[in-house]
Amino acid sequence: MIIGGSRVEVDEVKLKLKERFKVTDMGEAKFFIGIRITRNRAARSITLDQEHYIRDILIKYDMSLCNPITTPIQPGEYITKTTDDKLGEKDIRLFQGMIGSLGYLMNCTRPDLAFVINRLAQVASSPSVCHIAAAKKVFRYLQHTREYTLTLGGDTAYQEQKCGQIDAWFDASWADDPIDKKSTFGYFISYCGSGLLWKSKKHKGMSLSTTDAEYIAASETTRELSFIRNIFEDLGIPIIFPIKLHGDNLNANALANNESTSVRTRHIHIKQRYVSEKADEGMIRVHKVGTKEQVADIFTKPLPRDAFLKHSNSMGLAFSNNINRTTCDICTLSFTSANLLHKHLKSVHATANSMDLS
């Protein structure tokens, strides 16, 4: 795949490659490493989706007829290590394969899966029956959201206003693991309003307060932003400084901006004070965001359906409105929704089973 600032640049690269190698020009990119690419030049947007990949893994793990659900994990549901009902070697490999397949999907186009995949990956070495049941819930959620697309760009006025602007949302859930009491943090980074990077991760060390957990999350996010800055500078991509970080904890924000100090935070390791150093340099600035508007909340805890949907949409995820992607793989009939397709598939398989019995 060749990406350039203009058609002239792309054509020049093609000519140079053809001079040295035997290449086939396949035209505008439609698929790349399992990702479907759809361009809307009038709206100046690109949508990415992995509907075909989702279909394949649903079939692979015998979940193509599962009942759809609207969230991958419910509020109050915990995925932790347990010694009860351990899986056999065959089922362990099955579970690990599930997590690998889901992890690839999450890293490419589905930030809404980050939290639950992070939790499932923590038990991948020694899963139990409850963990494979939790993984199947994620597949049931995928059954509902097969048509989800990740949209980049699309709002011309917003892009012109935000050209060169990097925004990062960070959040942490303090001591949320009921076993070891470690915290979970996450971040979402966008460029010109379009999703760029996302992560949900468990803290390696112990945080003594919510402020600690949020401050460490801000520092981890800033380290990622430094990496992005270096790449963008090498590629000549413009960035507006200071980069905006959005946090919902006033104390952590003040510490990050070096606006306050406290004896209660003297224990924080020097490497976690990286965010304060970059704030002094003018690279970043932390701003207050309301808890209900904190996009990174989706990476730190199971959310109610409405909040989960809101933050998913804020990251650019939505059902496709302009392409019919609900086609039966057996008879090629098309349907207007995933639920109608699901009912059709059940009836097809029920008919096939009755014919086998007769």
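The preceding data block contains the structure.
What you see is a predicted model, and the numbers here were worked out from it, not measured in a lab. (Residues numbered from 1 in each chain as written. Predicted model: local features only at pLDDT ≥ 70, side-chain atom pairs only at ≥ 80, totals over all residues. Heavy atoms only, no water.)

Draft legend 1. Expanded view of the packing of helix H4 (residues 114-121) against helix H5 (residues 129-144). It is at 11 Å that the axes of H4 and H5 come closest, and there the two elements cross at 160 degrees. In terms of orientation, H4 lies roughly antiparallel with respect to H5. Between H4 and H5 lies a crossing whose hand is left-handed. Of the residues in H5, those touching H4 at Val 116, Ile 117 and Leu 120 are His 131, Ala 134, Ala 135 and Val 138. Looking at the contact of H4 with H5, its residues break down into six nonpolar, one polar and no charged. (Axes fitted to C-alpha atoms, helices over the stretch in contact; angles between N-to-C directions. Helix = DSSP H or I, 4+ residues; strand = E, 2+ residues; numbered from the N terminus. Parallel < 35°, antiparallel > 145°, perpendicular 65-115°, else oblique. Left-handed = near helix turned anticlockwise from the far one by under 90°. Contact = heavy atoms within 4.5 Å. Nonpolar A, V, L, I, M, F, W, Y, C, P; charged D, E, K, R; others polar.)

Draft legend 2. Spotlight on the sheet that holds strand E1 (residues 31-32). Here we have five strands laid out as an open sheet, ordered E1-E2-E3-E4-E10, and antiparallel in their pairing. Strands with a single pairing partner mark the edges of an open sheet, and in this sheet they are E1 and strand E10 (317-319). Of the pairings in the sheet, the one linking E1 to strand E2 (residues 35-40) comprises two bridges and is antiparallel in character. When the bridges of E2 are listed, Phe 32 appears paired with Ile 35. (Pairing = 2+ DSSP bridges.)

Draft legend 3. Structural view of the nonpolar core. With 46 residues, the main nonpolar core has Phe 95, Leu 113, Ile 117, Leu 120, Phe 139 and Phe 299 as its most contacted residues. Those elements that provide at least two residues to this core are helix H2 (51-60), helix H3 (89-108), H4, H5 and strand E4 (148-153). Residues contacting Leu 113, with those up to four places away along its chain left out, are Leu 105, Met 106, Val 138, Tyr 141 and Leu 142. Residues Phe 170, Ala 172, Ile 284 and Val 286 belong to the second largest nonpolar core, which totals 27 residues. (Core = buried A, V, L, I, M, F, W, Y, C linked by side-chain atoms within 4.5 Å. Buried < 20%, exposed > 50% of the residue type's maximum accessible area, 1.4 Å probe, protein only.)

Draft legend 4. Seen up close, unusual backbone geometry. With an omega of 0 degrees, the peptide bond running from Phe 241 to Pro 242 counts as cis. Of note, Pro 242 is situated in the loop between helix H7 (210-235) and strand E8 (243-247). One non-glycine residue, Ile 33, lies in positive phi territory at about 45 degrees. Here Ile 33 is to be found in the loop between E1 and E2. Phi is positive for Lys 181, close to 60 degrees, though the residue is something other than glycine. Along the polypeptide, Lys 181 turns up in the loop between strand E5 (166-173) and strand E6 (184-191).

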